[in-house]
Amino acid sequence: MPFDIQHHAALGSTNDVAEALAVEGCRHGTVVWADQQTAGHGRHGRPWHSPPGNLLFSVVLRPAVPASRAAELGFLSAVVVADYVAGLMPGDGGVELKWPNDVLLKGAKVAGLLPAAQCTGETLAWAVLGIGLNIAHFPSGTPYPATSLNAHGVAITPEQGLHAILDRFTYWLSRWEHEGFDIVRTAWLARARGLGREVTVGHGTGQLRGVFLGLEADGAMRLDIDGAERRITAGDVAFGTAGPGATSAGQA
Ligand code: BTN
């Protein structure tokens, strides 16, 4: 798949620029890449640590699918980045996914994904998938452990990471278009942290505890709470007995 890569030394947020380009009608495969961001943000508008040396980019996609399938693309991008990071590690080891789209390396967050979409009636008009991969730096003081590739002895440039990840996008998008979400869901679940175990989901001011059963067809989390199955569409997940601790200020 041909990508049109727009490279910038610095931007506020590649997602903001990519979304504006998408609204103006840019083509499928437009990529906005910045060496650093001054207003990078993650889920729930939390700031995203964006110094030079990390990989910061957003892809605009226009797949011909119903609007109801938009959320699948966030899981697809998580699988893409997780596959890439796993391929850099000896023995493919230590890469997990945390619902909905965090990539963990040896239990600490190494990448975050920020999906956005706009629909026209029942059809997906465009999706923007923002990806932040900690290569050289990771933030301190976050309410969850964070890490970088360099911290695990992996030395790549942001440009190498960008091209390798875009190659994997081509592969996974083609499989998703031909085989549907099931193939992505299976790959995502194969790396899911906490699957079959008790997790805590923080949402707003409340918390839910239950056993993580899997993903629904639209990517919602299936949680067994005291024998009753609940469907979770938003929230911050924590493992074990601790609360999510992710509602405080800091990186998503
Ligand atoms: C998260 O984990 O909450 C998602 C983080 C997404 C960060 C990336 S960096 C490139 C793109 N531009 C942004 O402002 N955010 C995404």
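Residues numbered from 1 in each chain as written. Predicted model: local features only at pLDDT ≥ 70, side-chain atom pairs only at ≥ 80, totals over all residues. Heavy atoms only, no water.

**Quick look at the sheet that holds strand S1 (residues 4-11)**
Turning to step 1, where the next piece is worked out: As summarised here, the arrangement of the 7 strands in space is S1-S2-S3-S7-S6-S5-S4, forming an open sheet in which the pairing is mixed. One side of each edge strand has no neighbouring strand; the edge strands of this open sheet are S1 and strand S4 (95-98). Neighbour-to-neighbour, the strand axes of this sheet turn through a mean angle of 20°, independent of strand direction.
Turning to step 2, where the next piece is worked out: Pairing of S4 with strand S5 (residues 102-105), which is carried by 4 bridges, proceeds in the antiparallel orientation. Across the sheet, residue Lys 98 finds its bridge partner in S5, namely Asp 102.
Turning to step 3, where the next piece is worked out: The strands that helix H3 (residues 158-179) touches are S1, strand S2 (30-37), strand S3 (55-61) and strand S7 (123-133); relative to S3, the one it contacts most, it runs at about 30°. (Pairing = 2+ DSSP bridges. Helix = DSSP H or I, 4+ residues; strand = E, 2+ residues; numbered from the N terminus. Axes fitted to C-alpha atoms, helices over the stretch in contact; angles between N-to-C directions. Contact = heavy atoms within 4.5 Å.)

**Notes on helix H4 (residues 181-190)**
Turning to step 1, where the next piece is worked out: Taken as a whole, H4 has its buried residues at Phe 181, Val 184, Arg 185, Ala 187 and Trp 188. Within H4, the buried residues cover an arc of 165° as seen down the axis, which keeps them to one side. Among the exposed residues of H4, those pointing more than 90 degrees away from its buried face are Thr 186 and Ala 190.
Turning to step 2, where the next piece is worked out: On its buried side, H4 packs onto helix H2 (72-88), S4, H3 and strand S9 (206-215). (Buried < 20%, exposed > 50% of the residue type's maximum accessible area, 1.4 Å probe, protein only. Arc of directions from axis to C-beta.)

**With respect to the packing of H2 against H3**
Turning to step 1, where the next piece is worked out: Taken N-terminus to C-terminus, the directions of H2 and H3 make an angle of 130°; their axes are 9 Å apart at the nearest point. Here H2 is positioned oblique relative to H3, judged by the angle of their axes. Note on packing geometry: the crossing formed by H2 with H3 is right-handed. Contact residues: H2 offers Glu 72, Leu 73, Leu 76, Ser 77, Val 79, Val 80, Val 81, Asp 83 and Tyr 84, while H3 offers Gln 160, Gly 161, Ala 164, Ile 165, Arg 168, Phe 169, Trp 172, Leu 173 and Trp 176.
Turning to step 2, where the next piece is worked out: Of the residues that constitute the contact of H2 with H3, the class distribution is 12 nonpolar, 3 polar and 3 charged. (Parallel < 35°, antiparallel > 145°, perpendicular 65-115°, else oblique. Left-handed = near helix turned anticlockwise from the far one by under 90°. Nonpolar A, V, L, I, M, F, W, Y, C, P; charged D, E, K, R; others polar.)

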